[in-house]
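Spelled out, the chains give:
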Amino acid sequence: MKLPIYLDHHATTPVDPRVVEAMLPCFGESFGNAASSMHPWGIKAGELVWQAREQLAKLIGGKPGEVVFTSGATEANNLALKGVCEQYASKGNHIISVTTEHKSVLDPLKHLEKKGFEVSYLGVNSEGLIDVEELNSLIMDKTILISVMLANNEIGVVQPLEEVGKIAKKRGVLLHSDAAQALGKISVDVQKLNVDLMSFSAHKMYGPKGVGALWVRSYDPKVHLVAQMHGGGQEEGVRSGTMNVPGIVGFGKACEIAKENLEEDIKRITELRNDLLEKFEKNLDEIRVNGSLEHRLPGNLNMSFEHTESDAVLLGLNQEVGASSGSACDSEKLEPSYVLKEIGLSTDVANAAIRFGIGRSNTREEIEYASNKVIEVVHKLRLMTKS
Ligand SMILES: *Cc1c(COP(=O)(O)O)cnc(C)c1O
């Protein structure tokens, strides 16, 4: 076993070597512009991009032509929310979302509120879950969009999206979901979930950074979007800009690998997560799991070690174990996570939270070492505060 141990797979994942290998030709002979359809270089690049569309579509049960490649899930979320609201503004101005969404959903919504849209924010219970009946009661004639994430980036809680999809369909409201944390970790089927738009990010599933996608339903109903990036008319005019062929090829390969490994990954990573939790429960008191354990990503464990501060614990790990407090995006701020506040934690308990993100490459040995190290540090810190 090698130190340090990476347990921060929600922030980003290592790139799978098979993904790197698939990308390499794009920096060599396959350097063409996917929009140059009149010569072999462009045709080759176009074929590679199409193959990646197929690989993603297969993983999610969609069609290759429904995939819009973007620079990541942040851009996909922006395109979905702003693109739908601008397109359907004549039908209404009301949006429903959730308080525990990622900032790349909440901030575009704030922007839309300034432009005259109204947003109802659903709260969550102490488990981090929304109440689907409450969501149903918020739908009005002027509601044009519902946006509910599939899996949360901090507490790993998986929302009852299939139920939301049924309601959205019945009430004739478009449904968007940020699935950046879910893709490749749990089964994601756009048909079963009845979503109309879904956002993805390659670097959260062993692909490269700077590439992602928005899946947009093409029938029953066909969803239209106002472009948010104007220029050369790529992606049928919805997202202009020369395609990131290497990134897209890597994303496609990561999808293919995820599909092959999904069942085994779920089983193995859930076991490792449960081992980690069991170690903590056996050796420490006054700890709590934040968010539902049942409706949760296999690799997520978000725990508060009461009477400690997460930053002190993380420092105490002496760079041997890479976990995080809050989400990577928020960890530079000193305020406690808004997600943990939303599930009802006091500031102290929220400030004592550590997010462990277990991934495909972690071993039992690593989990054993990391848990011992955390237990040792928590014991030490608690002794210091008592004396
Ligand atoms: C990481 C993440 C994003 C942002 O994805 P990028 O591709 O890094 O822009 C959005 N939503 C969730 C839930 C995430 O975890």
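Residues numbered from 1 in each chain as written. Predicted model: local features only at pLDDT ≥ 70, side-chain atom pairs only at ≥ 80, totals over all residues. Heavy atoms only, no water.

Asks: How should the sheet that holds strand β12 (residues 353-357) be read in this particular structure?
Replies: In any sheet, the strands associate via hydrogen bonds between backbone groups, in a parallel or an antiparallel arrangement. In space, the 3 strands of this open sheet follow the order β9-β10-β12, with antiparallel pairing throughout. Each of the sheet's edge strands pairs with one partner strand only, and the pair in question is β9 (287-289) and β12. Geometrically, the sheet is characterised by an average inter-axis angle of 25° between neighbouring strands, direction not taken into account. Across 5 bridges, strand β10 (residues 300-305) lies against β12 in antiparallel orientation. Across the sheet, the residue bridging to N300 is G357, located in β12. (Pairing = 2+ DSSP bridges. Helix = DSSP H or I, 4+ residues; strand = E, 2+ residues; numbered from the N terminus. Axes fitted to C-alpha atoms, helices over the stretch in contact; angles between N-to-C directions.)

Asks: I'm lost on the pairing of strand β3 (residues 94-98) in this one. Help?
Replies: Regular strands place side chains that alternate from one sheet face to the opposite one. Of all 5 residues in β3, 5 are buried, a share of seventy percent or more. Here β3 shows two buried faces, one formed by H94, I96 and V98 and the other by I95 and S97. Pairing geometry for β3 and strand β4 (residues 118-122), over 5 bridges, is parallel. Looking at β4, one finds that I95 is bridged to V119. Running through helix α4 (residues 103-114), the crossover from β3 to the neighbouring parallel element β4 is right-handed. Note that β3 and strand β5 (residues 143-147) share 3 bridges and pair parallel. From the neighbouring strand, I95 faces β5, where its bridge partner is L145. (Buried < 20%, exposed > 50% of the residue type's maximum accessible area, 1.4 Å probe, protein only. Right-handed = clockwise from strand over helix to strand, strands pointing away.)

Asks: What is the right way to read the site of the ligand from this model?
Replies: Around the ligand, the surrounding shell holds 13 residues, and the nearest of these are T74, D178, Q181, S201 and K204. With respect to the ligand, the side chain of D178 contributes an N or O atom lying 2.6 Å from a nitrogen atom. Here H203 contributes a side-chain N or O atom positioned 2.8 Å from an oxygen atom of the ligand. Here the ligand, which alone exposes 380 Å², has 88% of that area covered by the protein. By residue class, the composition of the shell around the ligand is 3 nonpolar, 8 polar and 2 charged. (Near = heavy atom within 4 Å. Polar contact = N/O pair within 3.5 Å; in protein donor to acceptor, adjacent residues only side chain to side chain. Areas by Shrake-Rupley, 256 points an atom, 1.4 Å probe, with all protein chains shown as cover. Nonpolar A, V, L, I, M, F, W, Y, C, P; charged D, E, K, R; others polar.)

Asks: Would you take a moment to explain the sheet that holds β3 for this structure?
Replies: The 7 strands lie next to each other as β2-β8-β7-β6-β5-β3-β4, forming an open sheet whose pairing is mixed. In this open sheet, the two edge strands, each paired with only one partner strand, are β2 (67-70) and β4. Taking the axes of each pair of neighbouring strands and ignoring which way they run, one obtains an average angle of 20° across the sheet. Both strand β6 (residues 174-178) and strand β7 (residues 197-201) contribute to a ladder of 3 bridges, which runs parallel. Bridge pairing in β7 places H176 opposite L197. Helix α2 (residues 40-60) contacts β2, β7 and β8 (212-216) of the sheet and is inclined by roughly 115° relative to β2. Here helix α6 (residues 161-171) sits on the sheet and contacts β5, β6 and β7; the angle it forms with β6, its principal contact strand, is near 160°. (Contact = heavy atoms within 4.5 Å.)

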